[in-house]
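Letter by letter, the chains look like this.
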Amino acid sequence: MKAPTYCPDCATPLGWITQAEDGGDKTRLRCPACGFTHWNNPTPVLAAVIECTDRDGRVLLARNAAWPGRFFGLITGFLEAGETPEDGIRREIGEETSLQVDALALLGVWDFQRMNQLIVAYHAQARGEIRLSPELAEYKLIAPRDLRCWPQGTGQALAAWLRSRGITPQWLAPQGE
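The following refers to the structure shown. Fair warning: this is a prediction, and the values are worked out from it, not measured in the lab.

If you walk through the whole model with that rule in mind, you get 2 aromatic pairs. Where W67 meets F71, the ring centres are 5.6 Å apart and the plane angle is 50°; that geometry is what we call tilted. Classification of F71 by relative accessible area gives partly exposed; the value is 31%. Taking the centre distance of 5.1 Å and the plane angle of 85° together, the rings of F71 and W150 count as edge-to-face. With a gap of 79 residues between them, F71 in the loop between β5 (58-64) and β6 (75-78) and W150 in the loop between β9 (136-142) and α2 (155-164) connect regions that are remote in the sequence. Assessed through its relative accessible area of 3%, W150 is described here as buried. One Lys or Arg, K140, reaches over the ring of F72 and ends 4.4 Å from the middle of that ring.

Structurally, the position occupied by T37 is in strand β3 (residues 37-38). Taking the relative accessible area as the measure of exposure, T37 reaches 10% and is therefore buried. Ignoring any residue separated from it by four or fewer positions in sequence, one finds T37 in contact with R28, L29 and R30.

To continue, consider helix α1 (residues 85-97). Because each turn of an α-helix spans 3.6 residues, side chains separated by three or four positions end up pointing in the same direction. Taking 1.5 Å of rise per residue, 13 residues should cover 18 Å, and α1 covers 18 Å from first to last C-alpha, within 8% of that figure. The secondary structure elements touched by the buried residues of α1 are β4 (43-52), β5, β6, β7 (100-112), β8 (117-127) and β9. After α1 finishes, the residue S98 shows a positive phi value of roughly 70°.

Attention shifts here to the pairing of strand β1 (residues 15-21). Pairing geometry for β1 and strand β2 (residues 24-30), over 7 bridges, is antiparallel. In the strand pairing of β2, W16 is matched with L29.

Calculation notes
Per chain, the residues get numbers from 1 upward, laid out in the order the sequence is written. The predicted origin of the model limits local features to residues at a pLDDT of at least 70 and limits the giving and counting of side-chain atom pairs to 80 or more, whereas totals for whole chains, interfaces and linings rest on all residues. Neither water nor hydrogens contribute to the side-chain values; these are computed over all heavy atoms in the structure. Any pair of Phe, Tyr and Trp rings, taking the six-membered ring for Trp, is counted once the centres come within 6.5 Å. Such a pair is stacked with planes under 30 degrees apart, edge-to-face with planes over 60 apart, and tilted for the rest. A simple rule labels every residue: compare its accessible area, found with a 1.4 Å probe on the protein chains alone, to the largest value its type can have, and call it buried under 20%, exposed over 50%, or partly exposed in between. Secondary structure is summarised from DSSP: a helix means a run of H or I of at least four residues, a strand means a run of E of at least two, and numbering begins at the N terminus for each. The criterion for a charge sitting over a ring is simple: Lys NZ or Arg CZ within 6 Å of the ring centre, and within 35 degrees of the ring normal. Here a residue-residue contact requires only that any non-hydrogen atoms of the pair lie within 4.5 Å. Under the convention used throughout, the expected extent of a helix is 1.5 Å for every residue step, that is, one less than its residue count. Strands were regarded as paired on the criterion that DSSP finds at least two bridges between them.

What follows is the structure, encoded as structure tokens:
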């Protein structure tokens, strides 16, 4: 997300201003007129390793319609105001795949600094007819032993889930290799 240029409180241009905080001096985008601080905190993103219990335990990976190339990843979405992370990932799975979630288990929390996100990942056991939202272009169902993890973001959550099942994660080769 792009940093703001102007103060949302008084419309003065923001500047990089150093100020004493609890942990010492910190330079942040601040308003020199009213003191507003743009904290630039990470955005919570929900993710799910979806195990399709009515499809021999295969895992659903999907390709976002906006992504270039043919990368398939976990179902993800933003936590909305007023919902718990568990409710949020159930909502995202339903909205994006139409699957019914029968069980959820927290896998862990990972930072994704390149996108300034904090990923809260779950293992979801789900079933039903898969109907993708317009946001997704296509999906694959892959047996756990055939999955390949990616090093960034949600790929770490997939690797943790595989390890929890006694499967040593296999990794995609980095681009250019």
